[in-house]
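Here is what each chain is made of, one letter per residue.
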Amino acid sequence: MELQQVNPWRALIALCVGFFMILVDSTIVSVATPAIQEGLHTDINSVVWVTSAYLLAYAVPLLVTGRLGDRFGPRRLYLIGLAVFTLSSLWCGLTGTIGMLIAARVVQGLGAAMMTPQTMSVITRTFPGERRGQAMSLWGAVAGVATLVGPVVGGVITENWGWEWIFYVNVPVGVIGFVLAWWLVPALPVHSHTFDWVGVALSGAGLFCLVFGIQEGESYDWGTMWSFVSVPALIVVGLLLMAVFVWWQARTRVDPLVPLVLFKDRNFSLANVAICVVGFVITSFALPMMIYAQVVRGLSPIESGLLFVPMAVLSAILSPVVGHLVDRYHPRLIAGFGLTCLAVGLFWLGAAIGPDTPTWQLVLPLIVLGLANGFMWSPISVTATRTLPPQRAGAGSGVYNMTRQMGAVIGSAAIAAVMQARLAHHLGSSAGDLAATGGSTTTVHLPPAVAAGFARSMGESIYLPAAVAVLAIAAALFFRNPHGERRMAAQLGKDQVPAGSVDGL
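Calculation criteria
Residues numbered from 1 in each chain as written. Predicted model: local features only at pLDDT ≥ 70, side-chain atom pairs only at ≥ 80, totals over all residues. Heavy atoms only, no water. Helix = DSSP H or I, 4+ residues; strand = E, 2+ residues; numbered from the N terminus. Buried < 20%, exposed > 50% of the residue type's maximum accessible area, 1.4 Å probe, protein only. Areas by Shrake-Rupley, 256 points an atom, 1.4 Å probe, with all protein chains shown as cover. Axes fitted to C-alpha atoms, helices over the stretch in contact; angles between N-to-C directions. Parallel < 35°, antiparallel > 145°, perpendicular 65-115°, else oblique. Left-handed = near helix turned anticlockwise from the far one by under 90°. Contact = heavy atoms within 4.5 Å. Nonpolar A, V, L, I, M, F, W, Y, C, P; charged D, E, K, R; others polar. Expected span 1.5 Å × (residues − 1). Core = buried A, V, L, I, M, F, W, Y, C linked by side-chain atoms within 4.5 Å.

**Examining the overall build of the protein chain**
Along the protein chain, the regular secondary structure elements total 20 helices and 2 strands. The 505 residues of the protein chain split such that 58% are buried. Per element, the accessible surface of the protein chain, about 19,600 Å² overall, is 68% carbon and sulfur.

In C-alpha cells, the structure reads:
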C-alpha cells in the first residue's frame, strides 16, 4: 500500500478506537472493585491486583514494543496487540476466580503495550510536521477523555449488567477496531534493525523491579516483602538495572533499544518530563475524589462518575481547536496555559472538598481541569514527536508512553501513601478501620465528625498532584519553538535541522 494513497486521518481514527479502549480499561475497573470483590468472594488486597497486574504488564514492555513496531511495522504490531487484548477481555469476563482474572489482566496489559506506541508512531510517520498538531490533538483528546470517562462507563455497566460486562464490552469494540485498522491503517515501510537483546533483558528486569516496588510498596508498608526481599531493595535494584541499561545503550554496537540521541533534543526530553507529571497527576487525583464522592457524599458509582462529565466534555470540545493552535503558536504558551490550569484546578478542588460542599462548588474546579485536559495533551505530544525521524518513531513513541505510564504508576503509589497519612492525622486509630473496608459505601456509614475528617483527608491528598503539576509547568517554560526550526529547514532545503540549532525563544 503506497503511503500517498492513504488518508492519514482515517488511519488515525481507526487506531484511536483501540487506543481509547485500552486507556478506558486503565480506570474502568476502579469503580467495579467492590462488585468484583463480592462476586469472586475475595479480599481487597487481592482485588487490587486486578488493576495492578494490568498496569504492570502494560508499563514494563513499552520500550520493547515500540522498537518492535520499527522492526516489523506498526500496523502488524497494533493488530496483534488488539487481537490479544480483545481475546483476553473475553477471558476476563468468563473467569470465575480472582487468580484467573489477574492472569487474564496480565495478558490484557501485554496486548495494550503492543498497541500503544504504534498509534504515535503512525502519526509521526504519516502526518507532515505542519499538520501533526491537529493529529496529536485528536490523539491527546482520546487519551484525556478515556482516562476520565472510565469511571462513568464502569459505574453504568457495573450497576446495570454486572462487573463481567466491563470486559465483555471490549469484545465487539475490539472486533470493530481490528477491521477498521486492517482496512485503513497503511503497512508502512519497516526499518531493518539488529535487535538489542541485552537491552531488552536489562530494561525488562529493571522496569519490573522498579514498577512492582513502587506499585506494591504501600501493600507491604514499604518494608519486607518475602524473606530478605524488601520494597526499598527492590526499587534500588530496579534503579541500578536501569542505570546499567543506559550505560549499555551508550556503548552497544547493535541498534540500541532507546537511542540516547533522542534526548539530545531538548523538546523531547522536556516533553517526557511533562507527560510523566501528567500521568502522575491524572491517575492520582481521581482516586481520593472517587472515594470522597462515594464514602462521604454517599453517591453511587454512576453519580460519582458523572462528576467528571463536564471535564471530559470540555476537553473533547477544546481538543480540535487546540490542535490548530499547536500548528501555529509556540507550544510553551499552549502547554503552559493547560498545565497552569491543571495545578490551579487541583489546588482549588482540594480546598473545596468538605462533608457538605455543594456539588456546583466541586464542578467549578473540575471545569478548570477540563480546560487543562484540552490544552495540555496535544502540545506536549507534538513537542515530543515533531522532530523525530521516521526510523526513530517507534523508539520515541515507546519511551514517551513508558514515561507516561511510569508517572501513572508512581502517582498511584504516592497518593495511596498520602491518603493513609492524612487519614491517620485527622482520624487517628479509626483510619485503619476505614481503610480495611476498601472504601465500600455499602459498609461505611460515617458520623458527622468522622465525615469531616475523612473529607479533609481526601482534599489534602489532592494537594500532592497539584504540587507535582508545577514541575510540568516548569518543563513547558523551556520548550523550544519548533516552528522556527521548520522555517530554517525550509530555507536550507532540508527535511529537518539538527536539534538545538534554533533556540526559538
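Having put the structure on the table, let's press on.
**Side note on the packing of helix H11 (residues 266–296) against helix H19 (residues 463–477)**
For the pair H11 and H19, interaxial distance at closest approach is 9 Å and the crossing angle is 165°. Judged by the angle between their axes, H11 and H19 are roughly antiparallel. Two packed elements cross with a definite hand, and for H11 against H19 that hand is left-handed. Across from Leu270, Val273, Ala274, Val277, Phe280, Val281, Ser284 and Phe285 in H11, the residues of H19 making contact are Leu464, Pro465, Val468, Ala469, Leu471, Ala472 and Ala475. In terms of residue class, the contact of H11 with H19 is made up of 14 nonpolar, 1 polar and no charged.

**Things to note about the packing of helix H18 (residues 448–461) against H19**
In contact at an axis separation of 4 Å, H18 and H19 are set at 10° when each is read in the N-to-C sense. By the angle class used here, H18 and H19 are roughly parallel. On H19, the residues that touch Arg456, Gly459, Glu460 and Ser461 of H18 are Tyr463, Leu464 and Pro465. Within the contact of H18 with H19, the residues separate by chemical class into 3 nonpolar, 2 polar and 2 charged.

**A few points about H18**
Taking 1.5 Å of rise per residue, 14 residues should cover 20 Å, and H18 covers 20 Å from first to last C-alpha, within 8% of that figure. Among the residues making up H18, those that are buried are Ala451, Gly453, Phe454, Ala455, Ser457, Met458, Gly459, Glu460 and Ser461.

**Structural notes on the nonpolar core**
Judged by nonpolar contacts, the single largest core of 146 residues is most densely connected at Ile36, Leu101, Leu339, Leu342, Leu349 and Ile380. The greatest single-element share of this core, amounting to 17 residues, is contributed by H11. Beyond its immediate chain neighbours, meaning those up to four positions away, leucine 342 contacts Val281, Leu369, Ala372, Met376 and Ala469.

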